[in-house]
Amino acid sequence: MWIVKLGGSWLLNPRLNELLDYLSNFKNAPISIVVGGGLFAQTIRDSQKVINFSDNLGHHLALLSTENFARILNNINPSYELTSNYRRIYSKRKIQVWLPSKQLTNDLSFSKDWESTSDSIASWLCKKINAKGVIFIKSIKFKKNLELKAKTLQRKGILDKNILKYISKNASLKIVGPEVL
């Protein structure tokens, strides 16, 4: 099992349908998808600066924003199955898109701030289900076969600051951009 973390910026990418069709080829792999919140999460960040609500509420709303994107994926490609129960991810030979709010809203081990984005959610899930690793699909291009360190990607703002807090030591981290297509 691999966790595929699809960046929220893909919500506005004109190649999203093509990427979803490509990922459908791996339904027997199996893989589970965690999506970012994209413009939905950005609206929450911006609103928090103006309205000044708590990080705890911001975190909960950001979790729900990832689920908005997940529902859009399911609408585009109904073969992608939505699940809020991470224990059922292995149960079928379908691509499952995880809805994290039910589990992570009250999970005391998960930081409820903007340092833990959907990158951390994917890393948390990877560790929880003992997956082989996480493949981060971002909207920026990477040079082929370039060895990148997670800490360098964190410093550049490409990966969030807390992923290493959640990932297990034996898990693999891979990162690709639109060139995956």
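Given the structure is predicted, the values throughout are model-derived calculations rather than measurements.

Reading the values: the criteria
Residues numbered from 1 in each chain as written. Predicted model: local features only at pLDDT ≥ 70, side-chain atom pairs only at ≥ 80, totals over all residues. Heavy atoms only, no water. Core = buried A, V, L, I, M, F, W, Y, C linked by side-chain atoms within 4.5 Å. Buried < 20%, exposed > 50% of the residue type's maximum accessible area, 1.4 Å probe, protein only. Helix = DSSP H or I, 4+ residues; strand = E, 2+ residues; numbered from the N terminus. Contact = heavy atoms within 4.5 Å. Arc of directions from axis to C-beta. Phe/Tyr/Trp six-rings, centres within 6.5 Å; stacked < 30°, edge-to-face > 60°.

Draft legend 1. Expanded view of the nonpolar core. Counting 28 residues, the largest nonpolar core has Ile3, Trp98, Trp124, Leu125 and Ile129 as the members making the most contacts within it. Those elements that provide at least two residues to this core are helix H5 (118-128), strand E5 (133-137), helix H6 (150-155) and helix H7 (163-166). Here this core gets five residues from one element, more than from any other, and that element is H5. With sequence-adjacent residues up to four places away left out, Ile129 is seen in contact with Met1, Ile3, Tyr86, Ile89 and Tyr90.

Draft legend 2. Layout of helix H1 (residues 16-24). For H1, the complete set of buried residues consists of Leu16, Leu19, Leu20, Leu23 and Ser24. For H1, the angular spread of the buried residues around the axis is 145 degrees, confining them to a single face.

Draft legend 3. Focus on the packing of aromatic side chains. The final tally for this structure, using the stated rule, is five aromatic pairs. Consider the rings of Trp98 and Trp124, whose centres lie 5.7 Å apart with planes at 5 degrees: the pair is stacked. You can see Trp98 sitting in strand E4 (residues 96-98) and its partner Trp124 sitting in helix H5, a full 26 residues away along the chain. Side by side, Trp98 and Trp124 carry an identical accessibility label, which is buried. An angle of 20 degrees between the planes, with centres 4.7 Å apart, marks the rings of Phe110 and Tyr166 as stacked.

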